[in-house]
Amino acid sequence: MPAPRDRGSLAKAARMYFLDGRSQDDIARVLGTSRSNVSRMLTAARAQGVVEIRVHDQTARALELEQAMREAFGLAQVRVAAFRPGADVVAAAGDLAAQWLDETVRGGQVVGLSWGTSLQATVAAVAADKPRDVEVVPLVGGLTVDASLVAGQELVRELAGRLGATYRYLHAPALLRSGAARDALLAEPAIREALRSALSADIAMVGIGSVGIGSSNVIVDGLALTDDERAAFLAEKPVGDTCCRFFDAEGRPIGGEVHDRVLAVELEELRRIPVVVGVATGAEKVAGVLGALRGGFVDGLVTDSGLAHALLSAAAGR
C-alpha cells in the first residue's frame, strides 16, 4: 500500500533521508512502500514546508551574468560575485579570485602579480596550503607613495607564503621622478632579471584601475607631474590602468611622461602572458575595465554583479 501523505509521515520520511542519510530504498522498506512513492513523499515534504533547504554559500556566483560576460567579451575565465545587500564586494570578489587561483595553478608554474585593493583582498583570501612548486613574481616595482596601499612586492611575498611557494622581489620603486631615473634602474642586472622573470609568467593576476578613482589617482599623484605634463597626459584621454600602465577607451597604451617614469611590465608584454585575469569591483570602474577588455590585456575577469551589469550595458551602448 502507498505510504500515507499526512505531515507526520512526510516528516518521518524526510528525517530519515535528510538527517539520517538513509537511502530511498531503505526508507521504502521501513515504511512498507515503494521507492518511487518515497521520492514523491520527499517532494511533497518540501512543497508543504515540512522540509526547508538553505544553502549557505559565502561566495555565491551570478552564473547567468558570467555567461553573458563570456559571450559579450570573449573571456575565457569569468567569476562574478552575486549581489548581496550590504556585502563587501571587494572581499567577495577576492574570495572568488582566490578560489580560481587555487583551482588553476599547477606545479612548475610562475605566477605574476601586480598590486591594488582587489589583489590585496585576493591574497588575503588564499588559504595556506602545503608547499607547491610555484614561483610568484612581481609585475611592477614597489609602490611607496601611499601608506594605505600594500606594495606589490609585499603582496608577492604574502601570496608566496600562503601558497608555500618561492618568490622573487623587484627591488625598485614603481614610480620614478624622471625617465632618466627609470632608465638607470633598468640598467641594473638584478632589476632587468626581475622584470625578465615576470615575462616568463604562466599566469598573471592584475588589478584594473579607472582614471580619477582610487589607486589610479595614487599613481598619477605619485609621479608629481607638472601642470603641463598632467595636461599632456589628460589630452590623451586615458580611462584606466593596469600594472601602472595607462590606456585609452579603445585599449591603446598611453605614452609620455606617465609611461616613461614607471617601472613595470609593458602592456604589450602583459598580452603575451598565457593567462591574465583581472580583478576589479564597483560600477564606477566601468570605463577602465572596458578599456582593458577592448585592449585585450586580460583573458579573464573576476568582479561583482554591479560592475558586470555596467560593463554589459556599456558594451551594448545603453
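Before going into details, it helps to say that this report is about the structure given with it. (Residues numbered from 1 in each chain as written. Predicted model: local features only at pLDDT ≥ 70, side-chain atom pairs only at ≥ 80, totals over all residues. Heavy atoms only, no water.)

**Let's talk about the environment of Glu 64**
- Turning to its location among the elements, Glu 64 is positioned in helix α4 (residues 63-73).
- Look at Glu 64 and you get exposed, because its relative accessible area is 73%. (Helix = DSSP H or I, 4+ residues; strand = E, 2+ residues; numbered from the N terminus. Buried < 20%, exposed > 50% of the residue type's maximum accessible area, 1.4 Å probe, protein only.)

**Re the pairing of strand β1 (residues 77-81)**
- Among the five residues in β1, four count as buried, and that is most of the element.
- Of the strand pairs in this sheet, β1 and strand β10 (residues 300-304) are connected by five bridges, and their pairing is parallel. Bridge pairing in β10 links Val 78 to Leu 301. (Pairing = 2+ DSSP bridges.)

**Overview of the packing of aromatic side chains**
- Applying the stated criterion across every chain yields a total of four aromatic pairs.
- Aromatic pair Tyr 167 and Tyr 169: ring centres 5.4 Å apart, planes at 65 degrees, arrangement edge-to-face.
- Judged by its relative accessible area of 39%, Tyr 167 is partly exposed.
- Taken together, a centroid distance of 5.3 Å and an interplanar angle of 45 degrees make the contact between Phe 247 and Phe 297 tilted. A residue pair is termed long-range when its members are at least 10 positions apart, and Phe 247 in strand β8 (residues 245-248) and Phe 297 in the loop between α14 (286-295) and β10 qualify at 50 residues. (Phe/Tyr/Trp six-rings, centres within 6.5 Å; stacked < 30°, edge-to-face > 60°.)

**Here we look at the environment of Gly 214**
- For Gly 214, the position within the fold is in helix α10 (residues 214-222).
- The class of Gly 214 is partly exposed, set by a relative accessible area of 47%.
- Separated by 71 residues in sequence, Gly 214 and Lys 285 place their C-alpha atoms 9.8 Å apart.

**Re the nonpolar core**
- Residues Leu 139, Leu 159 and Leu 311 are the most contacted members of the largest nonpolar core, which totals 77 residues.
- Ranked by residue count, the leading element in this core is helix α5 (residues 89-104), at seven residues. (Core = buried A, V, L, I, M, F, W, Y, C linked by side-chain atoms within 4.5 Å.)

**Some remarks on a nonpolar patch on the surface**
- Residues Tyr 17, Phe 18 and Leu 19 make up a contiguous nonpolar surface patch of roughly 310 Å² in combined accessible area.
- Within the secondary structure layout, Leu 19 lies in helix α1 (residues 7-19).
- Given a relative accessible area of 68%, Leu 19 falls into the exposed group. (Patch = residues over 30% accessible without salt bridge, like charges linked within 9 Å, V, L, I, M, F, W, Y side chains within 5 Å. Areas by Shrake-Rupley, 256 points an atom, 1.4 Å probe, with all protein chains shown as cover. Salt bridge = Lys/Arg side-chain N within 4 Å of Asp/Glu carboxyl O.)

**Details of the pattern of salt bridges**
- For the structure shown, the criterion picks out 18 salt bridges.
- Three or more residues joined by partner-sharing salt bridges are found here, namely Arg 22, Asp 26 and Arg 29.

**Some details on the sheet that holds strand β6 (residues 209-210)**
- Read across the sheet, three strands follow the order β6-β7-β8 without closing on themselves; strand pairing throughout is antiparallel. Either end of the sheet is taken by a strand with one partner, and the two such strands are β6 and β8.
- For strand β7 (residues 238-242) and β8, the ladder comprises four bridges, and the chain directions are antiparallel. Looking at the pairing, Asp 241 lines up with Phe 246 of β8.

**Quick notes on helix α8 (residues 179-186)**
- All buried positions along α8 are accounted for by Gly 179, Arg 182 and Leu 185. Buried positions in α8, seen along its axis, are confined to an arc of 120 degrees and lie on one side of it.
- Buried residues in α8 make contact with α9 (189-199), β8 and α12 (257-260). (Arc of directions from axis to C-beta. Contact = heavy atoms within 4.5 Å.)

**A short note on unusual backbone geometry**
- The backbone phi angle of Cys 243 is positive, close to 55 degrees, even though this residue is not glycine.
- Along the chain, the position of Cys 243 falls in the loop between β7 and β8.
- Look at Cys 243 and you get buried, because its relative accessible area is 2%.
- One non-glycine residue, Cys 244, lies in the positive phi region at around 65 degrees.
- Mapped onto the secondary structure, Cys 244 falls in the loop between β7 and β8.

Limitation: the analysis is restricted to geometry and does not speak to function.
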